[in-house]
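# Per-entry structural report
Spelled out from the first residue to the last, the chains are:
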Amino acid sequence: MTGGRVPTVRHKAEATSHHHQPGISFRPTRKSDFADTVQQQVKHRRRQPASMNGVCNQSMVTGVTDFQRFNGFAEHPAESKKAMGQRALDTSRKESEDESKLPALEAAYVTILRGLGENTDRQGLLKTPLRAAKAMQFLTKGYHETVYDILNDAIFDENHEEMVIVKDIDMFSLCEHHLVPFFGKVHIGYIPSKKVVGLSKLARVVEIYSRRLQVQERLTKQIAMAISEALQPIGVAVVIEAAHMCMVMRGVQKMNSRTVTSAMLGMFRDDPKTREEFLALTKNK
């Protein structure tokens, strides 16, 4: 070793830096450098005109609003909020009514089971009357619902006057003659008159009227009339194809029989070509 002083870490760094990158000086970053940079940024921000800050803030608010709107977070109008509140109140009231009617329905099923010769105290039947009562309330819940409960917030202005079809909608209902199921498919078509409805709402209309004691002929017409009254379209067409357990499980016991009913309103009734187009498009191949 020489008698000179030992190089500091900074000197070693400078030496290394000059060795690998000639012409470039190296100086370690100091805390004061970082503080100076922050102060300069703050001063620059303070010098920005108030109008520029307003533009930036407005852009940010607009961006958030657009995100909310396109992702389903936008606030509902006052009328829509009021309708939603009323709907929640009606639902609560209907649930309370159903709850109050359960004891009478349960007692009725106890009577039916005993009339069939069953022992309602045996393990398998202890809760059957209550379960059957709740099931019957669910299968007939359409009595508590209306089309306007589900369509008011789902009708939109749209410049479209061509046929709209939703086919193969599953349907389950109870025959009012024997209280046994009938089930099948529903095909719905309509020609808008500047107004369209959310496609899922057509299935909900089917649900409302099928969850009642029904006959297929009336069910078909009720679905068509409800859509016609709500949308005022150029035409409405409904076709239902269903199997009835009153013909399969009992009576004539014809396993492969199907019942087809249709209701045609407006252009679908008046124009044979329009009707034929609908029937051709809904025909299962």
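None of the values given here were measured: they were computed from a predicted structure.

### Description of the nonpolar core
Grouped together as the largest cluster of nonpolar side chains are 35 residues, with contacts concentrated most on V186, I188, V205 and I223. Only α6 (147–151), β2 (164–175), β3 (181–191), β4 (195–197), α7 (199–210), α8 (216–231), β6 (235–244) and α9 (245–248) provide two or more residues apiece to this core. Here the element with the most residues in this core is α8; it accounts for 7 residues. Setting aside residues no more than four positions away along its own chain, V186 makes contact with V166, K167, D168, I169, M171, V206, I223, V238, V239 and I240. Counting 7 residues, the second largest nonpolar core, distinct from the first, contains A237, V239, M264 and F278.

### Structural notes on the packing of aromatic side chains
Applying the stated rule across the entire model yields 2 aromatic pairs. With a centroid separation of 6.1 Å and 25° between ring planes, the pair formed by F172 and F183 is classed as stacked. With F172 in strand β2 and F183 in strand β3, the pair connects residues that are 11 residues apart, well separated along the chain. Overall, the relative accessible area of 47% leaves F172 in the partly exposed class. Between F268 and F278 the ring centres are 5.7 Å apart and the planes differ by 75°, which places this aromatic pair in the edge-to-face class. Linking F268 in helix α10 (residues 267–270) with F278 in helix α11 (residues 272–282), this pair joins segments that are 10 residues apart in sequence. Owing to a relative accessible area of 0%, F278 belongs among the buried residues under this scheme.

Definitions and limits used
- Residues numbered from 1 in each chain as written.
- Predicted model: local features only at pLDDT ≥ 70, side-chain atom pairs only at ≥ 80, totals over all residues.
- Heavy atoms only, no water.
- Core = buried A, V, L, I, M, F, W, Y, C linked by side-chain atoms within 4.5 Å.
- Buried < 20%, exposed > 50% of the residue type's maximum accessible area, 1.4 Å probe, protein only.
- Helix = DSSP H or I, 4+ residues; strand = E, 2+ residues; numbered from the N terminus.
- Contact = heavy atoms within 4.5 Å.
- Phe/Tyr/Trp six-rings, centres within 6.5 Å; stacked < 30°, edge-to-face > 60°.

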